[in-house]
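Observations on the three-dimensional arrangement
Each chain, letter by letter, is given below.
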Amino acid sequence: MAACGRVQLLLLLATQFSCVFLTLGLRPQPNVNLHPPLIAINRQLKAGAVSSVSQPRRASGWRLAEEEACREDASRHCPKHTWNNNLAVLECLQDTKEEIDISTDCNHLLWNYKLNLTTDPKFESVAVEVCKSTISELKECGEEERGKGYLVSCLVDHRGNITEYQCHQYITKMTSIVFSDYRLICGFMDKCKEDINTLHCGSITTGDKDLHSQGEVIACLEKALVREAEQQDQAHQIKDTCKKAIMRVAELSSDDFHLDRYLYFSCRNDRERFCENTQAGEGRVYKCLFNHKFEEAMSEKCRDALTTRQKLIAQDYKVSYSLAKACKADLRKYRCNLDTNLPRAREARLSYLLLCLESAVHRGRMVSGECQGEMLDYRRMLMEDFSLSPEIVLHCRGEIESHCSGLHRKGRTLHCLMRVGRGDKGLIDGLCQNALQALIQSADPGADYRIDRALNEACESVIQTACKHIRNGDPMILSCLMEHLYTEKMVEDCEHRLLELQYFISRDWKLDPILYRKCQNDASRLCHTHGWNETSELMPPGAVFSCLYRHAYRTEEQGTRLTRDCKVEVQRILHQRALDVKLDPELQKRCMTDLGKWCSEKTETGQELECLQDHLEDLVQDCRDVVGNLTELESEDIQIEALLIRACEPVIQSHCHDVADNQIDTGDLMECLVQNKHQKEMNDKCAVGVTHFQLIQMKDFRFSYKFKMACKEDVLKLCPNIKKKVDVVICLSTTVRNDTLQDVKEQRVSLKCRKQLRVEELEMSEDVRLEPELHDLCKKDISRWCSTVMFGNAQVIECLKDNKQHLTHPCHQKVFKLQETEMMDPELDYQLMRVCKQMIKRFCSESDAKNMLHCLKQNKNSELMDPKCKQMITKRQITQSTDYRLNPVLRKACKADIPKFCQNILNKASDDHELEGQVISCLKLKYADQRLSTDCEDQIRVILQESALDYRLDPQLQLHCTAEITNLCAEEAAAQEQTGQVEECLKNNLLKLKNEPCKKEVLNMLKESKADIFVDPVLHTACALDLKHHCAAITPGRGRQMSCLMEALQDKRVRLQPECKKRLQDRIEMWGYAAKVAPAEGFADLAVQVMTSPSKNYILLMIALAVCVLFLVGLLCGRITKRVTRELKDR
């Protein structure tokens, strides 16, 4: 039977001769035009055919066209020049169009004629004569038993080795005769008789059936075989022997479409319409018709016949003549059909062949161009029509009916299923998902986008504009499309098709050919992967790529790393897949529940990952881990955030192009973006993205790559079990501060960590949201007092400072602590550093960061000082004046004086609430009493000088005299430049002051001004020339210069400036009034008043004279007393 089965291979050989005539619509010419050997064959065959006709004739001139049964049909349908050639008449009548009826008698005559041709011993004898030399060369054929047709079958099997022309032509000619009726094929009727009857595919007897119905029998069996493969409901199980026979017939008819009788008659008109110039043979007509299958003009009957044939090819690649021939050598070379562990049925599958050869191509092996061309055609065929994949038809039936009905053409249904698989249209069955993944792997559209017709058509315009520099068909086209996803060059339809395909490519790293080529060795070495065409059910989707990117960002100290080429490709894929959370299989799988719970409304591009990051603490552990790992990678290579990088392109080009050009980003680019967050090139999208990433970094110090690398050892040693970045920063900052204050020889925090810690502290000061504790405590206050203020630029923090008196207690406490920190380290005062950036460069470029505010205050009144910076300095001075703890220089200088003189105020104070300038006021009074230490006195003098110019720097005065300033000194208070006019106004209106606390503050000002003329700016300005002329040699302080002026005023020889003289006289009157209103409260106070009085010398002289008088009186009285006592003794 094996040899008999080989008779069916006659089809494989038929096309070399007869198809030339059929394809062109021609018929063989008369015998005179035929090749001589063929004439001989015809003559020898005639005798064998005559014996079985209804009216036997033994004469050598018997003609089929002259038989009564067929004379009329032959004359009606066949050209006259063919009548003398029986084979030409046979071809003419059996290829007659369906609408033309041939008489039943003629049908019987033709069938018996063909049957005798294939069964008569003379048929074999002709083969022996024609193929004599070939049989002698092929020993296997010479040993076949004669008389049973085995010889011809053997010759058919070895046709590729036949060089004898006559033998080749003979076998080709006979094939077209055999395949006109399934009953003429050796053994087919016996093997499939039962299935034909069961499936009602036709009758096994000739009866009244016409010739064309016999082709339908085979077509019926083929369709049943396809239904069985798709496991459709109530599908009949065809016997294995019949299955093999059906596939063998399909295989043998793969050379010439004339031999597939059902398809030939179904597509005859379509062939003329679409493939008129396509030469028959080697499956060319089939391929041409396949390419036009979805054309509108294609008849439905032909389309169905072509689909059935394609489905058979999908089950056995040998049904495609061109594919089997082109890839025969490569299949043998790469042992694609020698896997003994797989069943033969699977080995023959088109998908198995494609996977095996694609594996060779991806490994860099040489596969012939002809074979690769054929593979490309059939990969495209699989992507165009989902029904060619029985697993999809079987497992995706529900999804197709629910979501994708009516979309079957040009790959639309497949893309619709992909969209369902992405989750964009609902849930998908796991088996359907696996079937789609298997199809994508077989078709491998990642290697050539043209395989995916739906994608090709949707993205053609994008490719022509954005990717025109890439060679057509290059795998980098898909990468280019991904790089332009969500850009103005992308069109919506292309975007959808691209994401649908990338969803499945992302689940198998091998489907990106560039990634596979560059990383296959690394994957094998580090991730224990299998071959390209092998799969492991134990390895989840995306696992290999996850393994690769974990190794991509390892340092040398952490162990084995990827090769450079592989790392570049991994980074490319990461950058592209970050555009859509669904392109990360591990993320989608582990976070499916959390995505639905927290992010169901986040449908815009990139929002899903941001949402997961925002809810990091709320995620389940598995999801939290994968989101955390991805965020950690982003911190090292922010270019993974492709959308953010696109939004920030202007500022990158202007300010960060140096770090952006680095192939290896170690957090430098994000640091640069943060530093330039408020440049004019920064747009809203970029600013929001950068701020969001900063906020995410607060959740875990590992999310700040540079901080993590610089401080990981310090964190483990000094701040174990602390995870939140802000807590780690506080912990390390506190350690640094304590070590600095204690003047330890060796800081516990390493130098590199201290440097990076400074960067983190500066970044955190820019936005209140980057201080989570402050933000949480002040949320209500922000919404109440700062609702119109934008985040960023420390504007909300500044707003809270401005409204400090109205804040809730917890928020007030936190703001005070923040101010205390900023005053100790002005560089952390973001608003001050931003507003005064240029002034710092001009005046304080050489100053230490901690003395920055002090430097700015010293240059505050310079003509070159920027007004905005000057205003900001004043605000900070006002803040410092409210509490000595906010003035670190004063605190240090007066650390001994404050507890000595102001302990009663400290006892009432709280650690986190302002003292409203009480301690400073206390120190001012002691300054007037000249009781402070030298360092403290110097600092208080500066404060007195500053507050004398601006009443706002004296909190006690502002607190107690608010109403008086408003009523009496409104014009002076409204002046932009504060030159002490408000204080002067209050002094001039001292008699009008009714509020005792306010009056007391003004009197204190007068008292303080007696101690130093610099404390009285109006008087100092008026007397500046007189001081220079008359008191230049007098050292400032302790009232010395004031005493000099008073003496000059009393000295009639000295002429003072009129303004100075007038101001001095006014001050004397005020001091006199002050002395009456506020007399000395004790001897110490009296002594201070005397020492600070302008008439100090006179008072001291009078006191000295009084003492002398008392001394003399005492001395005199003492002598008298002694004389009396002696006289008494003498008695």
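Above this text you will find the structure in question.
Summary of the structure given here. Numbers given for residues are sequential positions, taken from 1 along each chain in its written order. Local features in this predicted model are restricted to residues of pLDDT 70 or higher, and side-chain atom pairs are both shown and tallied only at a pLDDT of 80 or more, whereas totals for entire chains, interfaces and linings draw on every residue. The basis for the side-chain values is all heavy atoms of the structure; hydrogens and waters are excluded.

In this section: the overall build of the protein. Looking only at helices and strands, one finds 71 helices and zero strands in the protein. Each residue gets one of three labels from its accessible area relative to the maximum for its type: buried under 20%, exposed over 50%, partly exposed in between, using a 1.4 Å probe on protein chains only. The proportion of buried residues among the 1131 residues of the protein is 53%. Residues are treated as being in contact if the distance between any of their heavy atoms lies within 4.5 Å. In the protein, the proportion of contacts linking residues at least 24 apart, taken out of those at least 6 apart, comes to 64%. Put simply, the protein shows about 53600 Å² of open surface, and 50% of that area lies on carbon and sulfur atoms. Working definition: helices are DSSP H or I runs of at least four residues, strands are E runs of at least two. Numbering for both runs from the N terminus. Accessible surface is estimated by sampling points in the Shrake-Rupley manner with a 1.4 Å probe; for residues, cover comes only from the protein chains shown.

Another point: the state of the cysteines. Disulfides are defined as pairs of cysteine sulfur atoms found within 2.5 Å of each other. In total, this model carries 30 disulfides according to the counting rule given. Through a disulfide, Cys192 is tied to Cys242; the S-S separation comes to 2.1 Å. As the torsion about the S-S bond is roughly 110°, the Cys192-Cys242 disulfide counts as right-handed. One end of the pair, Cys192, is in helix 13 (residues 188-198); the other, Cys242, is in helix 15 (residues 240-252), and 50 residues separate them in sequence.

A separate point is helix 65 (residues 996-1011). Over its 16 residues, helix 65 extends 23 Å from the first C-alpha to the last, a length consistent with the 22 Å expected when each residue adds 1.5 Å. Where burial is concerned, most of helix 65 is hidden: twelve out of the 16 residues are buried. Within the sequence span of helix 65, burial applies to Cys998, Lys999, Glu1001, Val1002, Leu1003, Asn1004, Met1005, Leu1006, Glu1008, Ser1009, Lys1010 and Ala1011. Expected helix span is taken as 1.5 Å per residue step, with the number of steps being one fewer than the number of residues.

Now for helix 35 (residues 564-577). For helix 35, built from 14 residues, the straight-helix expectation of 20 Å at 1.5 Å per residue is met to within 8% by its first-to-last C-alpha distance of 20 Å. Helix 35 sits mainly inside the fold: eleven of its 14 residues count as buried. Those residues of helix 35 that fall on the buried side of the exposure criterion are Cys566, Lys567, Glu569, Val570, Gln571, Arg572, Ile573, Leu574, His575, Gln576 and Arg577. Buried residues belonging to helix 35 abut helix 31 (476-483), helix 32 (492-505), helix 33 (513-527), helix 34 (543-552), helix 39 (621-636) and helix 40 (642-647).

Right, let's get into the packing of aromatic side chains. Each Phe, Tyr or Trp ring, with Trp reduced to its six-membered ring, pairs with another whose centre is within 6.5 Å; inter-plane angles below 30 degrees give stacked pairs, above 60 give edge-to-face pairs, and intermediate values give tilted ones. Tallying each qualifying case throughout the model produces six aromatic pairs. Relative to Phe290, the ring of Tyr286 lies with its centre 6.4 Å away and its plane at 25°, an arrangement referred to as stacked. Separated by four residues within a single helix, Tyr286 and Phe290 lie in helix 18 (residues 284-291), roughly one turn from each other. Residue Tyr286 shares its accessibility class with Phe290, and that shared class is buried. An angle of 70° between the planes, with centres 5.9 Å apart, marks the rings of Phe545 and Tyr549 as edge-to-face. Placement of the pair is Phe545 and Tyr549 together in helix 34, with a separation of four residues, close to one helical turn. On the basis of relative accessibility, which here comes to 6%, the residue Phe545 falls in the buried class. Look at Tyr549 and you get buried, because its relative accessible area is 5%. Of the aromatic side chains, those joined through ring pairs into one cluster are Phe257, Tyr264 and Phe265.

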